[in-house]
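Inside the fold
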Amino acid sequence: MTTTSDATARDSDITIVHGPAAFPADITTVETPAETPVDASDITTVETPIEAEPSAVETPAGSDITTVEAPIAASEKAEGAEKPDATSSADAEAEIAAARVAAPAAVAAAGQLAMLEAHNISAWFGDHKVLDHVSLTMEAGQVTALIGPSGCGKSTFLRILNRMHELVPTASLAGEVLIDGQDIYDASKKLTDARRAIGMVFQKPNPFPAMSIYDNVIAGLKLTGIRASRDEKDMLVESSLIRAGLWKEVKDRLRNPGGGLSGGQQQRLCIARSLAVQPRVLLMDEPCSALDPTSTRVIEETMIELQKEVTIVIVTHNMQQAQRVSQNCAFFLASQGTPGVIVEHGETEAMFSEPQDERTFDYVNGRFG
Ligand SMILES: Nc1ncnc2c1ncn2[C@@H]1O[C@H](COP(=O)(O)OP(=O)(O)OP(=O)(O)O)[C@@H](O)[C@H]1O
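Residues numbered from 1 in each chain as written. Predicted model: local features only at pLDDT ≥ 70, side-chain atom pairs only at ≥ 80, totals over all residues.

1. So, the overall build of the protein chain
Secondary structure assignment for the protein chain yields 15 helices and 11 strands. Expressed as a percentage of the 369 residues in the protein chain, the buried residues total 53%. Put simply, of all contacts in the protein chain between residues at least 6 apart along the chain, 72% involve residues at least 24 apart. (Helix = DSSP H or I, 4+ residues; strand = E, 2+ residues; numbered from the N terminus. Buried ≥ 20, exposed ≤ 12 C-beta atoms within 10 Å, placed from the backbone. Contact = placed C-beta atoms within 7 Å.)

Now the structure itself:
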């Protein structure tokens, strides 16, 4: 057990992790061109190298210098922000951090479906407790949907599952997250291993807009310094885009900028980018909330295909979506200023047709939230 936080006093017998201390210390900033065609505000602090020429983003041979800048936006949000922007710089930086640490070993681990377990997770932002002893098993090869009203801690819980919560300077947590029985917060485990194995897709698509579709997919490899031949890269790009359900639409324009794709295509490009580093779990934080119904349907179909090879956890406010894509469901609630808890969890079908708790019944039937 590690204890690195003043939160220790609250739960002295459980793992506490705090703030950016565990963040990689070595920093290389990568800049996004200011004139990016789409949503540059979402990603400007994850700065892409100059004009996004593929060669320009190559990590120097044999080096391990590419990493992420401190989570500036996170500290700003900590000052009373009601809800963090899901596509904040911290998010994008963390995604790059995850990509950064991908290693050939991760590729070797691919194909094994992973079970994720959260035990007694409590979480704080400063003194504000936002989750209270939340436990949930996310079954291997299945989609688990996290549902509940705004502010009940779903995103916080999701970010704890791959150690992104600690990017917020005021954040602390207690509890355990196990991937196939291994605690990702164990002192002997690397932060980077967790982010490598457990990928994340955010609410708004955040590709590098000026970078080509091809280079967006393999951005993680470049940033990690993983060496691959041109043929290997070609195969990885194709397989990742196929798995993300985007290949047919882009195979003839792989050198076009990622920012030129539609919103739904960009989100699938981000999924492909996550898949390229071979995660065993994919966390998706309202991945369709910025998309039109057609794009949403395509992403949902992609998720249904992907669950055969990657365990998926999705936060969604869309009850129909939860029913369409998930086998299991957890209903979070934070009533009247109390920290979020899981009121009920189980098979999605049962949760919607025969909920055991009246509050679940009311929520899934649209009576509040
Ligand atoms: N960076 C932060 N700093 C301070 N408080 C935060 C931060 N992020 C979230 N919170 C607070 O934590 C609580 C849980 O937020 P969280 O985003 O996890 O809820 P949510 O259920 O995902 O909400 P939504 O459905 O609106 O996305 C809220 O009270 C929120 O204001």
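2. A look at the pairing of strand β8 (residues 281-285)
Counted residue by residue, β8 has 5 buried out of 5 residues, so it is predominantly covered. Residues V281, L283 and D285 line one face of β8 and the alternating positions L282 and M284 line the opposite face, and both faces are buried. Judged from the 4 bridges that link them, strand β7 (residues 198-201) and β8 form a sheet pairing that is parallel. Note that in β8 the partner of I198 across the bridge is V281. Across 5 bridges, the pairing between β8 and strand β9 (residues 311-315) is parallel. Of the residues in β9, the one forming a bridge with M284 is I314. With helix α12 (residues 293-306) bridging β8 and the parallel β9, this β-α-β connection has right-handed handedness. (Pairing = 2+ DSSP bridges. Right-handed = clockwise from strand over helix to strand, strands pointing away.)

3. A word on unusual backbone geometry
Most of the time, phi is negative for any residue but glycine, and the peptide bond is trans. Despite not being glycine, H133 has its phi angle at roughly 45°, a positive value. With respect to the element layout, H133 can be found in strand β3 (residues 128-138). Positioned with a positive phi, Q278 is a non-glycine residue whose angle comes to about 60°. Residue position: Q278 is located in the loop between α11 (263-275) and β8.

4. A look at the packing of α11 against α12
Put simply, α11 and α12 touch, their axes get as near as 9 Å, and they point 20° apart. Taken together, the axis directions place α11 and α12 in an arrangement best described as roughly parallel. Handedness of the crossing formed by α11 with α12: right-handed. Contacts between α11 and α12 pair G263, G264, Q267, R268 and I271 from the former with S295, V298, I299 and T302 from the latter. Within the contact of α11 with α12, the residues separate by chemical class into 3 nonpolar, 5 polar and 1 charged. (Axes fitted to C-alpha atoms, helices over the stretch in contact; angles between N-to-C directions. Parallel < 35°, antiparallel > 145°, perpendicular 65-115°, else oblique. Left-handed = near helix turned anticlockwise from the far one by under 90°. Nonpolar A, V, L, I, M, F, W, Y, C, P; charged D, E, K, R; others polar.)

5. A word on the confidence of the model for the protein chain
Of the residues in the protein chain, 69% reach a pLDDT of 70 or more, and the chain-wide mean stands at 76. Note that residues 95-110 has pLDDT below 50 and, in this model, 44 contacts with residues that lie over four places away or in other chains. With pTM at 0.76, the complex prediction returns an ipTM value of 0.98. (pLDDT = per-residue confidence, 0-100.)

6. What to know about the nonpolar core
Core analysis: the biggest nonpolar cluster contains 87 residues, and L146, L161, A272, V281, L283, V313 and F331 have the highest contact counts within it. A per-element tally of this core places strand β2 (residues 116-125) first, with 6 residues. Non-local contacts of L283, meaning those with residues more than four positions away in its chain, are made with L158, L161, N162, I198, G199, M200 and V313. (Core = buried A, V, L, I, M, F, W, Y, C linked by C-beta atoms within 7 Å.)

7. A short note on α12
Relative to the 20 Å expected for 14 residues at 1.5 Å per residue, α12 spans 20 Å between its end C-alpha atoms, a close match to the ideal helical length. For α12, the complete set of buried residues consists of T296, V298, I299, E300, T302 and M303. For α12, the secondary structure elements touched by its buried residues are β4 (143-147), α11, β9 and α13 (319-325). (Expected span 1.5 Å × (residues − 1).)

8. A word on the sheet that holds β8
In spatial order, the strands read β7-β8-β9-β4-β10-β11; together these 6 strands make up an open sheet with mixed pairing. The sheet is open, and its two borders are formed by β7 and β11 (341-347), each paired with just one other strand. Neighbouring strand axes in the sheet, compared pairwise and without regard to direction, differ in orientation by 15° on average. Both β4 and strand β10 (residues 328-333) contribute to a ladder of 4 bridges, which runs parallel.

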